[in-house]
Amino acid sequence: MNIKNITLAAALMIAAGTAMAEAPYPPETPFVSTHTRADVKAELQRARANGEITVRNEYPVIQQPASQLSRQQVQSQVQQAGNNRTQNLYSGA
């Protein structure tokens, strides 16, 4: 009786395993592109021209806007910030 139960349990486990193996996960959905090959090539050329394509696994390069301040204006702002720091009780990150 014991061998019959073990055999039945093993057969049920095999049947359950094969039933689950039939369903693909995740469900396969067909891919339909909305862009033509020419569109993709044009987008790649634009990204290369703007420096948005990176090499290896680096983060994308974000183009910084050009500063409208002169070097003298920046230096005066730094000096003012240094003078104000001594007057504040809290300074730091």
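Since the structure is predicted, the reported quantities are computational estimates derived from the model, not experimental observations. (Residues numbered from 1 in each chain as written. Predicted model: local features only at pLDDT ≥ 70, side-chain atom pairs only at ≥ 80, totals over all residues. Heavy atoms only, no water.)

## Quick look at the overall build of the chain
For step 1, the next point in the chain: In terms of regular secondary structure, the chain is built from three helices and zero strands.
For step 2, the next point in the chain: Across the 93 residues that make up the chain, the buried fraction comes to 1%.
For step 3, the next point in the chain: If you sum the accessible surface of the chain, you get close to 9,500 Å²; carbon and sulfur atoms cover 59% of it. (Helix = DSSP H or I, 4+ residues; strand = E, 2+ residues; numbered from the N terminus. Buried < 20%, exposed > 50% of the residue type's maximum accessible area, 1.4 Å probe, protein only. Areas by Shrake-Rupley, 256 points an atom, 1.4 Å probe, with all protein chains shown as cover.)

## A look at a nonpolar patch on the surface
For step 1, the next point in the chain: Together, Leu69, Val74 and Val78 give the surface a local cluster of nonpolar side chains, amounting to about 240 Å² of exposed area.
For step 2, the next point in the chain: Along the polypeptide, Val74 turns up in helix H3 (residues 71-87).
For step 3, the next point in the chain: When its relative accessible area of 35% is taken as the criterion, Val74 is described as partly exposed. (Patch = residues over 30% accessible without salt bridge, like charges linked within 9 Å, V, L, I, M, F, W, Y side chains within 5 Å. Salt bridge = Lys/Arg side-chain N within 4 Å of Asp/Glu carboxyl O.)

## Considering the confidence of the model for the chain
For step 1, the next point in the chain: Residues of the chain with pLDDT of at least 70 account for 73%, and the chain-wide mean is 79.
For step 2, the next point in the chain: Averaged over each element, pLDDT in the chain is lowest for helix H1 (residues 2-21) (77) and highest for helix H2 (residues 37-50) (90). (pLDDT = per-residue confidence, 0-100.)

## Observations regarding H2
For step 1, the next point in the chain: When the terminal C-alpha atoms of H2 are compared, their 20 Å separation across 14 residues agrees well with the 20 Å that a helix rising 1.5 Å per residue should span.
For step 2, the next point in the chain: Gly51, located one to two residues past H2, shows a positive phi value of around 75°. (Expected span 1.5 Å × (residues − 1).)

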